[in-house]
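Report on the structure
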Amino acid sequence: MELKTKINAVDGKQELVITRAFDLPLELLFKAYAEPEIVEQWMGTKVLKLENKNHGSYQLETTDPKGNKHGFNGTIHEFVLNEKIIRTFEMSNTPFGVQLEFLEFEKVTDSTSKLTMHVVYKSVEIRDQILKLPFAQGINMAHNRLQEIVNQLK
Amino acid sequence: MNLRRDVFQAIADPTRRAILMLVTTQSMTAGTIASNFDTARPTVSKHLQILTECELLTAEQSGREIYYHLNAKKMKEIADFIEPFRKMWDDRFNKLEDIMKNYKPKE
């Protein structure tokens, strides 16, 4: 079976490419990135700030079960409606530094679309560390998600 | 005693990656492997030692010769290490897709 989400990470390179085929029209796919309320839902983070425009910036935040807040932020270099977003991304208080992201949104048919996310890291080592993160964080992330659901029930 | 080596550190080196490529098709002796490189023989030996320590290569005695061959199982582990990262994005994108399929524009 063809995977909908693919990662191409060539050995020894400080970049990777994530591609995903969506069963959504291009406009709806792009909207999921453009509107803060929708970003919050699928990213599972709080959006503190999202200026989707050239030279804008954004700030996201998650709260872990212990109540610690984890911040994410970046600058939006270029924002072209239904076409592309070029931005930086950084996890605050981590040693990984800033990564550069090129997001390209394409129409495939009237009801399907494709996203290509080209991510460039500071070094090969940092890219490989980030690739290995989900191994360690998988369990924590599941807890966070659970906590969020429980909090919504309160 | 040597410290246990990191597989990813092992494949970060271009010569070691070239060695792995070489033995993909057939087992080879250290001498045959070394003859494919301009690098000094002891340097190649050192690379072989590292690759063997992290189990990417298996050394097998055959008569007076030692043949090195690829440990396919270990190589697969490397290929699989991206899988949790891919899964993380796949889950996120599935969620995005679900949300947008039910999206009703605000009036």
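The notes below deal with the structure included here. Counting starts from 1 at the beginning of each chain's written sequence and moves along it residue by residue. For naming, the first written chain is A and the first written ligand is 1, with later ones following in the order written. For a predicted model such as this one, the threshold for reporting local features is a pLDDT of at least 70, and the threshold for listing and counting side-chain atom pairs is 80 or more; totals across whole chains, interfaces and linings nevertheless cover every residue.

1. Section: the overall build of chain A
- Helix and strand definitions here come from DSSP, where helices need a minimum of 4 consecutive H or I residues and strands a minimum of 2 consecutive E residues; each element is numbered from the N-terminal end. Counting its secondary structure elements, chain A contains three helices and eight strands.
- The order of α-helices and β-strands along chain A, N terminus first, is β-β-α-α-β-β-β-β-β-β-α.
- In chain A, buried positions account for 14% of the 154 residues.
- Partitioning the contacts of chain A with sequence separation of at least 6, the portion at a separation of at least 24 is 38%. Put plainly, a residue is buried at 20 or more neighbouring C-beta atoms within 10 Å of its own, exposed at 12 or fewer, and partly exposed in between, counting only other residues' C-beta atoms, which are placed from the backbone. We call two residues in contact if the C-beta atoms placed from their backbones are at most 7 Å apart.

2. Details of the interface of chain B and chain A
- Across the boundary between the two partners, chain B contributes 21 residues, which contact 25 residues of chain A.
- No other element matches the 14 residues that helix α6 (residues 83-101) of chain B contributes to the side of chain B that touches chain A.
- Just so you know the grouping, Ala, Val, Leu, Ile, Met, Phe, Trp, Tyr, Cys and Pro go in nonpolar, Asp, Glu, Lys and Arg go in charged, and all remaining residues, Gly too, go in polar. Per-class residue counts for the side of chain B that touches chain A are 14 nonpolar, no polar and seven charged.

3. Some thoughts on the sheet that holds strand β1 (residues 5-8) of chain A
- By this definition, two strands are paired if DSSP reports at least two bridges between them. Sheet architecture is open: eight strands sit in the order β1-β2-β8-β7-β6-β5-β4-β3 (chain A), paired in antiparallel fashion. The open sheet has two edge strands, β1 and β3 (46-50) of chain A, and neither has a second partner. The average undirected angle you get between the axes of adjacent strands in this sheet is 20°.
- Pairing of β3(A) with strand β4 (residues 56-63) of chain A, which is carried by four bridges, proceeds in the antiparallel orientation. Bridge pairing links A:Lys49 to A:Gln59 in β4(A).
- The strands touched by helix α2 (residues 36-43) of chain A within the sheet are β3 and β4 of chain A, with β3(A) carrying the most contacts at an inclination of about 145°.
- Geometry is summarised by axes, namely lines fitted to C-alpha atoms with helices restricted to the contacting stretch, and by angles between N-to-C directions that run from 0 to 180 degrees. Packing against the sheet, α6(B) makes contact with β1 and β2 (15-22) of chain A, and its axis sits at approximately 145° to β1(A).

4. Considerations on the nonpolar core
- We define the nonpolar core as any set of buried residues of the types Ala, Val, Leu, Ile, Met, Phe, Trp, Tyr and Cys, connected via C-beta atoms lying within 7 Å of each other. In this structure, B:Ile19, B:Val23, B:Ile33, B:Leu48, B:Leu51, B:Leu57 and B:Tyr68 are the most contacted members of the largest nonpolar core, which totals 14 residues.
- In terms of residue count, the dominant contributor to this core is helix α4 (residues 41-53) of chain B (three residues).
- Contacts of B:Ile19, omitting those with residues within four sequence positions, involve B:Ile33, B:His47, B:Leu48 and B:Leu51.
- Counting residues in hydrophobic clusters, the runner-up holds eleven residues, among them A:Leu29, A:Phe105, A:Leu115 and B:Met100.

5. With respect to the environment of B:Thr25
All names here are of chain B.
- Within the secondary structure, threonine 25 sits in the loop between α2 (14-22) and β1 (28-29).
- Using a count of 8 C-beta atoms within 10 Å as the deciding quantity, one classes threonine 25 as exposed.
- Residues threonine 25 and leucine 70, 45 residues apart in the sequence, show an inter-C-alpha distance of 8.8 Å.

6. Focus on helix α1 (residues 26-34) of chain A
- For α1(A), the full list of buried residues reads A:Leu26, A:Leu29, A:Phe30 and A:Ala32. Projected down its long axis, α1(A) shows its buried positions confined to an angular sector of 150°, all on one face.
- Lining the buried residues of α1(A) we find β2, α2, β7 (98-107) and β8 (113-120) of chain A together with α6 of chain B. Within this analysis, the arc is defined by the directions that extend from the helix axis to the C-beta atoms.

7. Points about the packing of α2(B) against α4(B)
Residue and element names in this part refer to chain B.
- Where α2 contacts α4, the axes come no closer than 10 Å and their chain directions differ by 75°. The orientation of α2 relative to α4 falls into the category roughly perpendicular. Contacts between α2 and α4 involve Thr15, Arg16 and Ile19 from the first element and His47, Leu48, Ile50 and Leu51 from the second.
- Class assignment of the residues belonging to the contact of α2 with α4 gives a composition of four nonpolar, two polar and one charged. Each angle receives one of four descriptions, namely roughly parallel if under 35 degrees, roughly antiparallel if over 145, roughly perpendicular if within 65 to 115, and oblique otherwise.

None of the figures reported here should be taken as evidence of function without further support.
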